[in-house]
Amino acid sequence: EAGVTQFPSHSVIEKGQTVTLRCDPISGHDNLYWYRRVMGKEIKFLLHFVKESKQDESGMPNNRFLAERTGGTYSTLKVQPAELEDSGVYFCASSQAPDRILSEQYFGPGTRLTVT
Amino acid sequence: AQTVTQSQPEMSVQEAETVTLSCTYDTSESDYYLFWYKQPPSRQMILVIRQEAYKQQNATENRFSVNFQKAAKSFSLKISDSQLGDAAMYFCASFISNFGNEKLTFGTGTRLTIIP
């Protein structure tokens, strides 16, 4: 079974440009999460989808970040326009919790974003 | 709000020896879960061990065990018979499952080096 995949693995962009990160969760997983780790700091929650609906987006830093999950499958996270402080590693995770039972979150390898 | 603190940015241990990674947390919830995740270099994060807060018995997974002190809000990870493959970033995390608020809260991580 394929794990969570993320694309690209690395992205280097200039301040003011736009970048779109993609996450493909494990097939059948309704829950999809985005997290971010800024260098040397903790991994922070950004948002949580249940199927195509945003369940919790309390961790989104500001309105320069837009997340979508088309048809409840893959998800994209767009940063527009990117700022220097957006640099970090963006992780995606998915889980299957049909009866709201705690289910393990499986993580992707992350996308390392560098804004110069 | 949940907080997780890992006070050891880096640790090292001789191969075959035992090492303990520290983690403290803070939560006002009575029902929560605690995790240790491992991220090897250039690879994705995987779950090492989990502990349900309502269980008094410490979780164990082969060479990995935890010392869960609920009153002290401490959750340390012990790795016995350390192996070269244990070299990784280790993240401690907490999870509470309230509807609409399901997310992992991470610490800043501990980088573990195994000395051959």
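Refer to the structure above for everything that follows.
Residues numbered from 1 in each chain as written. Chains lettered and ligands numbered in written order. Predicted model: local features only at pLDDT ≥ 70, side-chain atom pairs only at ≥ 80, totals over all residues. Heavy atoms only, no water.

Draft legend 1. Just the layout of surface pockets, in detail. The volume enclosed by the largest pocket comes to roughly 740 Å³. Looking at the lining of the largest pocket, the elements with two or more residues in it are strand E9 (88-95) and strand E11 (111-115) of chain A. In terms of residue count, E11 of chain A provides more of the lining of the largest pocket than any other element does, four residues in total. Taken together, the residues that form the lining of the largest pocket break down as ten nonpolar, 15 polar and four charged. In this structure, the second largest pocket occupies an estimated 420 Å³ of space. In terms of lining, the second largest pocket is formed by 20 residues, of which the most central are Glu42, Ile43, Lys44 and Phe45 of chain A together with Thr105 of chain B. Residue assignment for the lining of the second largest pocket shows that the elements contributing at least two residues are strand E5 (43-50) of chain A together with strand E1 (3-5) and strand E11 (101-106) of chain B. Top contributing element to the lining of the second largest pocket by residue count: E11 of chain B, with five residues. Of the residues contributing to the lining of the second largest pocket, the split by class is ten nonpolar, five polar and five charged. (1 Å grid on protein atoms, 1.4 Å probe; cavity = no way out; pocket = protein on both sides within 12 Å on 5 of 7 lines; lining within 4 Å. Points joined across faces, edges and corners; volume = space filled by probe spheres on them. Helix = DSSP H or I, 4+ residues; strand = E, 2+ residues; numbered from the N terminus. Nonpolar A, V, L, I, M, F, W, Y, C, P; charged D, E, K, R; others polar.)

Draft legend 2. Main features of the pattern of salt bridges. On inspection of all chains with the given rule, the structure shows twelve salt bridges over all chains. The salt bridge partner of aspartate 56 of chain A is lysine 103 of chain B, with a shortest N-O separation of 3.6 Å. A residue pair is termed interchain when its members come from two chains, as with aspartate 56 of chain A in strand E6 (residues 53-56) and lysine 103 of chain B in strand E11. On the basis of relative accessibility, which here comes to 8%, the residue aspartate 56 of chain A falls in the buried class. (Salt bridge = Lys/Arg side-chain N within 4 Å of Asp/Glu carboxyl O. Buried < 20%, exposed > 50% of the residue type's maximum accessible area, 1.4 Å probe, protein only.)

Draft legend 3. Spotlight on the side chain of lysine 38 of chain B. All names here are of chain B. With respect to the helices and strands, the residue lysine 38 is situated in strand E5 (residues 33-39). One buried charge, lysine 38, has no salt-bridge partner; the nearest side chain with opposite charge is aspartate 86, at 4.2 Å. A polar atom in the side chain of lysine 38 sits 2.9 Å from the backbone oxygen of glycine 85. Residues within four places of lysine 38 in sequence aside, it is in contact with Gln44, Met45, Ile46, Val48, Gly85, Asp86, Ala88, Met89 and Tyr90. (Lys, Arg positive; Asp, Glu negative; His and termini not counted. Polar contact = N/O pair within 3.5 Å; in protein donor to acceptor, adjacent residues only side chain to side chain. Contact = heavy atoms within 4.5 Å.)

Draft legend 4. Unusual backbone geometry, seen in detail. Note that the residue after phenylalanine 7 of chain A, namely proline 8 of chain A, is joined by a cis bond; omega there is -5°. You can see proline 8 of chain A is positioned in the loop between strand E1 (5-7) and strand E2 (10-13). You will see that alanine 16 of chain B, though not glycine, has its phi angle at about 80°, which is positive. With respect to the helices, strands and loops of the structure, alanine 16 of chain B is situated in the loop between strand E2 (10-14) and strand E3 (19-21). With relative accessibility at 45%, the residue alanine 16 of chain B sits in the partly exposed group. Positive phi, close to 50°, is recorded for aspartate 81 of chain B, a residue that is not glycine.

Draft legend 5. Spotlight on the sheet that holds strand E8 (residues 75-79) of chain A. Residues and elements named next belong to chain A. Pairing is antiparallel across the open sheet formed by four strands, whose spatial order is E1-E3-E8-E7. What marks the edges here is a single partner per strand, and that holds for E1 and strand E7 (65-69). Averaged over all pairs of adjacent strands, the angle between strand axes in this sheet comes to 15°, irrespective of strand direction. The sheet contact formed by E7 and E8 spans five bridges and is antiparallel. Bridge assignment links alanine 67 to a residue of E8, and that residue is leucine 77. (Pairing = 2+ DSSP bridges. Axes fitted to C-alpha atoms, helices over the stretch in contact; angles between N-to-C directions.)

Draft legend 6. Region of interest: the interface of chain B and chain A. Listed per partner, the contact involves 20 residues of chain B and 22 residues of chain A. Here chain B meets chain A over a buried area of about 1900 Å², counting both sides, of which 55% is carbon and sulfur. Linking chain B with chain A are one salt bridge. For the side of chain B that touches chain A, the secondary-structure elements that each account for two or more residues are E5, strand E6 (46-52), strand E10 (88-98) and E11 of chain B. (Buried area = accessible area lost by both parts, 1.4 Å probe.)

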